[in-house]
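# Examining the three-dimensional arrangement
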Amino acid sequence: MSHQVSAETSAILPVLDATALEFSYGRQPALKQASIQVPAGRFVALIGANGAGKTTFFSIVTGLYAAHQGSVTVMGHDLRLNTLSALACLGIVFQSSTLDMDLTINQNLHYAAALQGIERNEAKQRINEGLQLHGLAGLGARKVASLSGGQRRRVELTRALLHKPNLLLLDEPTVGLDLQSRSEFVAHVKSLCKTQGTGVLWATHLMDEVTTDDKVCIMDHGEVVAAGELGELLQSRGASDITELFNMLITKAAS
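Residues numbered from 1 in each chain as written. Predicted model: local features only at pLDDT ≥ 70, side-chain atom pairs only at ≥ 80, totals over all residues. Heavy atoms only, no water.

### As for the side chain of N108
Residue placement: N108 occurs in helix α4 (residues 105-115). The class of N108 is buried, set by a relative accessible area of 6%. (Helix = DSSP H or I, 4+ residues; strand = E, 2+ residues; numbered from the N terminus. Buried < 20%, exposed > 50% of the residue type's maximum accessible area, 1.4 Å probe, protein only.)

Listed below in structure tokens is the structure:
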């Protein structure tokens, strides 16, 4: 497929390289020189309050909006110049569910596979493997409407990974889930980074979803005010936890 690259190249390239992005809604700036990289096999948390620019950033990376300045490459493919190849390398789980509640899990997934051009026998194999991997084995015949919130998120995750993307984008994916389901879903996605080598960009405003060995990008009013491994950022800034670090940076950015 066109989005495949050599193992040697993929080891060098970040799966996502967004550099100096600028975007405004009329006269209101939404992104200001925002740069974010996601290495292969790493979980990167994009943290910010509502209105910080996270959704605008996702809209640009997924091709919904075009940045007014800056560049985006996915596995080395320039999003503006080679849009289809870039988009073929990414999967996305949206904040709001886009599953058809009246269809079964299998029907939803086969429909998505057909849209992605995956041959039917190959799709069946990938769907079965995905359901097994994401804790949904034996549930394929169930209607989505009968599933719990956590199970629906896992169906969406299975769908997002059907075409084996290098980059997975998740926009506030745990909103509306209970604490246990949220914790289990976060842990499961992080495990994919280690076992599948997937690069993950996880947008959230929930601080407890991030651990000290995760990479973080903290965004405020469209600017990335800090980026790096959380543990290193805590040490360098003298903060005891991510909430203190966030408040310190946001206060500084606002002053």
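Additional details are given in the paragraphs that follow.
### A look at the environment of S191
Within the secondary structure, S191 sits in helix α7 (residues 179-196). It is 16 Å that separates the C-alpha atoms of S191 and G150, two residues lying 41 residues apart in sequence.

### A word on the sheet that holds strand β6 (residues 90-93)
Reading across from one edge, β6-β7-β8-β3-β9-β10 is the order of the six strands in this open sheet, with mixed pairing throughout. Looking along the sheet, the strands with just one partner apiece sit at the ends: β6 and β10 (223-229). Sheet twist, expressed as the average angle between the axes of neighbouring strands with direction ignored, equals 15°. Inspection of the sheet shows β6 paired to strand β7 (residues 167-171) by four bridges, in the parallel sense. Note that in β7 the partner of I92 across the bridge is L169. Contacts from helix α8 (residues 230-237) reach β9 (215-220) and β10 within the one sheet, and its direction differs from that of β10 by about 110°. (Pairing = 2+ DSSP bridges. Axes fitted to C-alpha atoms, helices over the stretch in contact; angles between N-to-C directions. Contact = heavy atoms within 4.5 Å.)

### Structural notes on the sheet that holds strand β1 (residues 16-25)
Pairing in this open sheet of four strands is antiparallel, and the strands run β2-β1-β4-β5 from one edge to the other. Of all the strands in the sheet, just β2 (28-38) and β5 (77-78) have a single pairing partner and so form its edges. Relative to β5, strand β4 (residues 69-74) runs antiparallel, the two being bridged by two bridges. Its bridge partner being in β5, T73 is matched across the sheet by D78. Where helix α2 (residues 54-61) meets the sheet, its contacts fall on β1, β2 and β4, and the angle it forms with β1 comes to roughly 115°.

### Quick word on the confidence of the model for the protein chain
Here the protein chain shows a mean pLDDT of 91. Residues at 70 or above account for 94%. Across the protein chain, the element-wise mean pLDDT spans from 53 in helix α1 (residues 7-12) up to 98 in β1. Confidence drops under a pLDDT of 50 for residues 1-9, and excluding neighbours within four residues, the segment shows twelve contacts in the predicted structure. (pLDDT = per-residue confidence, 0-100.)

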